[in-house]
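Structural overview for review
For reference, the chains in residue letters:
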Amino acid sequence: MPRTVRDVVFVDGVRTPFGKAGPKGIYNETRADDLVVKAIRELLRRNPDLDPKKIDEVAIAATTQIGDQGLTLGRTAGILAGLPQSVPGYSIDRMCAGALTAVTAVAGGVAFGAYDVALAGGVEHMGRHPMGEGVDPNPRFVSEKLVDESALFMGMTAENLHDRYPTITKLRADEYAVRSQEKAAKAYADGKIQQDLVPISVRNTNEAAGETGWGLVTTDEPMRPGTTLENLANLKTPFRTHGRVTAGNAAGLNDGATAAIIASEDFARENNLPVKMRLVSYSFAGVEPEVMGYGPIPATEKALAQAGLTIEDIGLFEINEAFAVQVLAFLEHYGIADDDARVNQYGGAIAFGHPLASSGVRLMTQLARQFEEQPHVRYGLTTMCVGFGMGATVIWENPNFNAEGDSK
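Residues numbered from 1 in each chain as written. Predicted model: local features only at pLDDT ≥ 70, side-chain atom pairs only at ≥ 80, totals over all residues. Heavy atoms only, no water.

A word on the overall build of the protein chain
To keep it simple, the criterion reads: What counts as a helix is a DSSP run of H or I of at least four residues, what counts as a strand is a run of E of at least two, and both are numbered from the N terminus. C-alpha atoms define the radius of gyration, and 2.2 Å times the number of residues to the power 0.38 defines the globule rule. In this scheme, a residue with accessible area under 20% of its type's maximum is buried, one over 50% is exposed, and one in between is partly exposed, where area comes from a 1.4 Å probe on protein chains only.
From N to C terminus, the protein chain includes 12 helices and 12 strands. Taken against the 2.2 N^0.38 rule, which gives 22 Å for 408 residues, the C-alpha radius of gyration of the protein chain at 20 Å falls within 12% of a compact globule. Based on the C-alpha atoms only, the size of the protein chain along its principal axes is roughly 60 × 60 × 50 Å. When each of the 408 residues of the protein chain is scored for burial, the buried share is 57%.

Some remarks on the UniProt feature "domain: Thiolase C-terminal" (unreviewed entry) in the protein chain
Under the convention used in this document: UniProt positions are given in the numbering used here, feature names are shortened, and annotations may be inferred rather than shown by experiment.
Feature annotation in UniProt places "domain: Thiolase C-terminal" (unreviewed entry) on residues 275–397, given in this structure's numbering. Between the C-alpha atoms that bound residues 275–397 there is a distance of 11 Å. The span itself is 33% helix and 26% strand.

A short note on the packing of aromatic side chains
Note the following rule: Each Phe, Tyr or Trp ring (for Trp, its six-membered ring) is paired with any other whose centre lies within 6.5 Å, and the angle between the two planes then decides the class: stacked below 30 degrees, edge-to-face above 60, tilted in between.
Under the counting rule described, the total for this entry stands at 6 aromatic pairs. With a centroid separation of 5.9 Å and 75° between ring planes, the pair formed by F10 and W396 is classed as edge-to-face. Placement of F10 in strand 1 (residues 8–15) and of W396 in strand 12 (residues 390–397) is noted, with a sequence separation of 386 residues between them. Ring centres of F330 and Y334 lie 5.0 Å apart, and the angle between their planes is 55°; on these two criteria the pair is classed as tilted.

Examining the pairing of strand 1
Our working definition: Pairing between two strands requires that DSSP report at least two bridges joining them.
Counting buried residues along strand 1, 8 of its 8 residues qualify, which places the element largely inside the surrounding structure. Note that strand 1 and strand 8 (residues 254–264) share 7 bridges and pair antiparallel. Each bridged residue has a counterpart across the sheet, and for V14 the counterpart in strand 8 is A259. Here strand 1 pairs with strand 9 (residues 277–286) via 2 bridges, running antiparallel. Bridging from a neighbouring strand, F10 pairs with M277 of strand 9.

Examining the side chain of N320
What counts here: As used in this structure description, the phrase polar contact means that two N or O atoms lie within 3.5 Å; if the pair is within protein, one of them must be able to donate a hydrogen and the other to accept it, and residues adjacent in sequence are counted only when both atoms belong to side chains. Contact between two residues is taken to exist if any of their heavy atoms lie within 4.5 Å; hydrogens are not considered.
Looking at the element boundaries, N320 is found in the loop between strand 10 (314–319) and helix 10 (324–333). Here the side chain of N320 touches H354 through a polar contact of 3.4 Å, side chain to side chain. When residues no more than four places from it in sequence are discounted, the contact partners of N320 are Q326, V327, A349, H354, S359, R362, L363, T383 and M384.

Focus on the packing of helix 3 (residues 98–112) against helix 12 (residues 359–373)
Just so we agree on the cut-off: Every axis corresponds to a line fitted to the C-alpha atoms, with the helix fit spanning only the stretch in contact, and the corresponding angles, defined between N-to-C directions, vary from 0 to 180 degrees. We call two directions roughly parallel when the angle between them is under 35 degrees, roughly antiparallel when it is over 145, roughly perpendicular when it lies between 65 and 115, and oblique otherwise. Any residue that is not Ala, Val, Leu, Ile, Met, Phe, Trp, Tyr, Cys, Pro, Asp, Glu, Lys or Arg is counted as polar, Gly included; the first ten are nonpolar and the last four charged.
Relative orientation of the contacting elements helix 3 and helix 12 amounts to 70°, with a least axis distance of 5 Å. As judged from the angle between their axes, helix 3 and helix 12 are roughly perpendicular. Contacts between helix 3 and helix 12 involve A99, L100 and V103 from the first element and G360, V361 and M364 from the second. Across the contact of helix 3 with helix 12, the residue classes break down as 5 nonpolar, 1 polar and no charged.

Digging into the pattern of salt bridges
Inclusion rule: When a carboxyl oxygen of Asp or Glu lies within 4 Å of a side-chain nitrogen of Lys or Arg, that pair is called a salt bridge.
According to the stated counting rule, one finds 26 salt bridges in the structure shown. For E265, the salt bridge identified is with R269, shortest N-O distance 2.9 Å. Here E265 and its partner R269 are both found in helix 8 (residues 265–270), 4 residues apart, which amounts to about one turn of the helix. Owing to a relative accessible area of 12%, E265 belongs among the buried residues under this scheme. On the accessibility criterion, R269 (51% relative accessible area) is exposed. In the salt-bridge network here, residues are joined through shared partners; they are D12, R46, D196, K276, R369 and E372.

Observations regarding the side chain of N47
With respect to the helices and strands, N47 occurs in the loop between helix 1 (32–46) and strand 3 (57–61). For N47, a relative accessible area of 4% translates into the label buried. The contacts of N47, once residues within four sequence positions are left out, are V11, D12, I261, L273 and P274.

Quick word on the environment of G243
Its location among the elements puts G243 in the loop between helix 7 (229–233) and strand 8. In the structure, G243 is positioned 145 residues away from G98 in sequence and 29 Å away in space, judged by C-alpha atoms. Those residues in contact with G243 that lie beyond four places of it in its chain are E159, K170 and T237.

Concerning the packing of helix 6 (residues 170–189) against helix 10
Between helix 6 and helix 10, whose axes approach to 9 Å, the crossing angle comes to 100°. As the angle between them shows, helix 6 and helix 10 are arranged roughly perpendicular. Taken together, the residues of helix 10 that come into contact with helix 6 (itself represented by R172, A173 and Y176) are A324, V327, L328 and E332. A class-by-class count of the residues in the contact of helix 6 with helix 10 yields 5 nonpolar, no polar and 2 charged.

What about unusual backbone geometry?
Even without being a glycine, L71 presents a positive backbone phi close to 60°. Within the secondary structure layout, L71 lies in the loop between strand 3 and helix 2 (73–80). With a phi angle near 65°, F388 is a residue other than glycine that sits in the positive phi range. Mapping F388 onto the fold places it in the loop between strand 11 (379–386) and strand 12.

What to know about the pairing of strand 9
In terms of burial, strand 9 is largely enclosed, as 7 of its 10 residues are buried. The pairing of strand 9 with strand 12 spans 8 bridges and is antiparallel. Bridging from a neighbouring strand, L279 pairs with W396 of strand 12.

Some words on helix 1
Here is the rule: The span expected for a helix works out to 1.5 Å for each residue beyond the first.
Here helix 1 contains 15 residues, and its C-alpha end-to-end distance of 22 Å stays within 8% of the 21 Å for a straight helix at 1.5 Å per residue. Among all positions in helix 1, only A32, D33, L35, V36, V37, A39, I40, E42, L43 and L44 are buried.

What about helix 3?
Look at helix 3: 21 Å from first C-alpha to last across 15 residues, which is about the 21 Å you get at 1.5 Å a residue. For helix 3, the buried fraction is high: 12 of the 15 residues fall into the buried class. Just downstream of helix 3 lies G113, where phi reads positive at about 100°.

Structure, rendered in structure tokens:
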């Protein structure tokens, strides 16, 4: 019996505040799975009309699937969050695009009719599990020259991308980074970010003073709102002598979690759930692993072609800022100015942080807020580069679009 493809919508999304990885970070003594549990519980609290028994799937991504990020997180986090045992779950790994892939994976199930509603998200606790922990890359990658050794180090791939785009100088990257910090600070000041943050109780230990206590995390820890070009000018370039990539124009090492509700549009409306975005198309693409940051370009080209759209149809961009050069390469390819007002209006990962597998849903929650505020915009996209040479793009339609307004 032939099936009809159903419209898929982004109902709601939340995230924890993002923290700095390491012993001094806010989540140093917080489990990764507990961060996911808090996000799931907050989604259910915010959407009381969603009967947990109706949830068909929980897909949770993590890049380093060991320890408290292992054990089939979608299933275990669902049980810990109090979902009925009838709700299944699973884990995903597509490195930085983990949560984005969780969304597209369950979206495919919704469109096909296998699910009516599902939860999707991601977590990364880079303090407990540094990037590459427990990984044993096959020696053939380098010995048989399948990839250059630099492909195994994300910062080196960013330096390689600078080489490919010689017009993207360190100054341009630093200028972009300053704008990201400024936009993030303004978004906080305007109350744009806090609406989708889940406050997290954390245990704090001051070993020097012999003190232990509890605190409540309500804001992102990595932000540096007072950043200036002068601050960034003399930072070390750890991936290459006299290089261009620094801690100031790249996302840091971070901890955090995200979660979202994805449903068929009919189910959402029948169950009195919000419809914040409508899925138009999505695509993944592979590129040379040595220039990972190039990935969003072919992924976007594929997603636009699938949707029958052009880049001029996109009124809002949420581009993950793993590195400033990666965003600037995307913008340069499409002839978009470095400071185009459509791009990352609330700031990006350079300011908020990038807990690898969780970041895709952060892009979506920020785009959904912008859609709500800007009904004249019809289409937006979320895109990111992915480790070992990939890109991922999702195009969304604004359900609040006013056809009488300017759609761009």
